[in-house]
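As a plain string of letters, each chain reads:
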Amino acid sequence: MPDEAPIVNRVVEKNLIDTIDLSELCANASFVELPIKQFLFEGNILREKHFRETLNTHDWSAYRDKHVAIQIPTDIIVPAWASLLIATHLHPYAETVCEGDLTVLKTLVYHNAIQVLDMTPYKDRRVVIKGCSQDVPPSAYLFLVRRLQPIVKVLTYGEACSSVALYRNR
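Asks: Lay out the side chain of T156 in plain terms, naming residues and giving numbers.
Replies: Relative to the helices and strands, T156 is located in strand β6 (residues 154-159). Leave out the neighbours within four places in its chain, and T156 touches V127, V128, I129, S163, V164, A165 and L166.

So this is what it looks like as structure tokens:
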């Protein structure tokens with residue numbers, strides 16, 4: 001059997017379609033949950049003096065360049081200032097700080113990354129938002145569509161070879 005020529009995707013080769021893969025946007029990001037329980041007296045009572053002492057002795061450098069979610073269980077009553085005080089300790093080290101779980105944190109980080117993403121390369125272009133990106137919050141796709149829709153010629157979702165049409169500028 002003669003050697004067969006490799007299959008070439010000429011659409012992609014001619015750069016007629018731009019693909020955005022959201023998983024690449026925050027690929028090097030490190031996401032961490034910080035349970036507030038570790039700073040509470042017996043893990044469930046906030047005594048201000050004890051709380052402040054444990055915060056002051058904690059190694060905050062472990063959160064350098066990380067995105068941190070301060071996790072507060074729903075079964076513990078904690079005053080609003082508690083997470084704010086933790087945030088002041090994280091500020092010199094962490095990239096991002098929020099209150100919630102990893103889903104809330106990732107949503108915030110992706111939203112911020114999409115907000116500052118340069119959209120000029122996509123002006124009047126055909127753009128595919130790559131589907132099935134791992135570990136990307138669903139709302140990140142919504143944020144991206146909102147940014148792209150006013151500037152693109154065509155917007156689709158999936159893969160260049162089989163995508164779903166989302167928007168066409170007429």
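Asks: Hey, could you go over the environment of F143 for me, with residue numbers and the actual values?
Replies: Structurally, the position occupied by F143 is in helix α6 (residues 138-148). In sequence terms F143 and N44 are 99 residues apart; their C-alpha atoms lie 37 Å from each other. Those residues in contact with F143, other than ones at most four positions away along the chain, are T107, H111 and I114.

Asks: Describe helix α5 (residues 102-115), and please don't skip the residues or the numbers.
Replies: Look at α5: 20 Å from first C-alpha to last across 14 residues, which is about the 20 Å you get at 1.5 Å a residue. Among the residues of α5, those classed as buried are L105, K106, V109, Y110, A113 and I114. One side of α5 carries all its buried residues, which in axial view fall inside an arc of 160 degrees. Where α5 begins, the capping side chain belongs to D101, and its oxygen is found 3.1 Å from the backbone nitrogen of T103.

Cut-offs used in this document
- Residues numbered from 1 in each chain as written.
- Predicted model: local features only at pLDDT ≥ 70, side-chain atom pairs only at ≥ 80, totals over all residues.
- Heavy atoms only, no water.
- Helix = DSSP H or I, 4+ residues; strand = E, 2+ residues; numbered from the N terminus.
- Contact = heavy atoms within 4.5 Å.
- Expected span 1.5 Å × (residues − 1).
- Buried < 20%, exposed > 50% of the residue type's maximum accessible area, 1.4 Å probe, protein only.
- Arc of directions from axis to C-beta.
- Polar contact = N/O pair within 3.5 Å; in protein donor to acceptor, adjacent residues only side chain to side chain.

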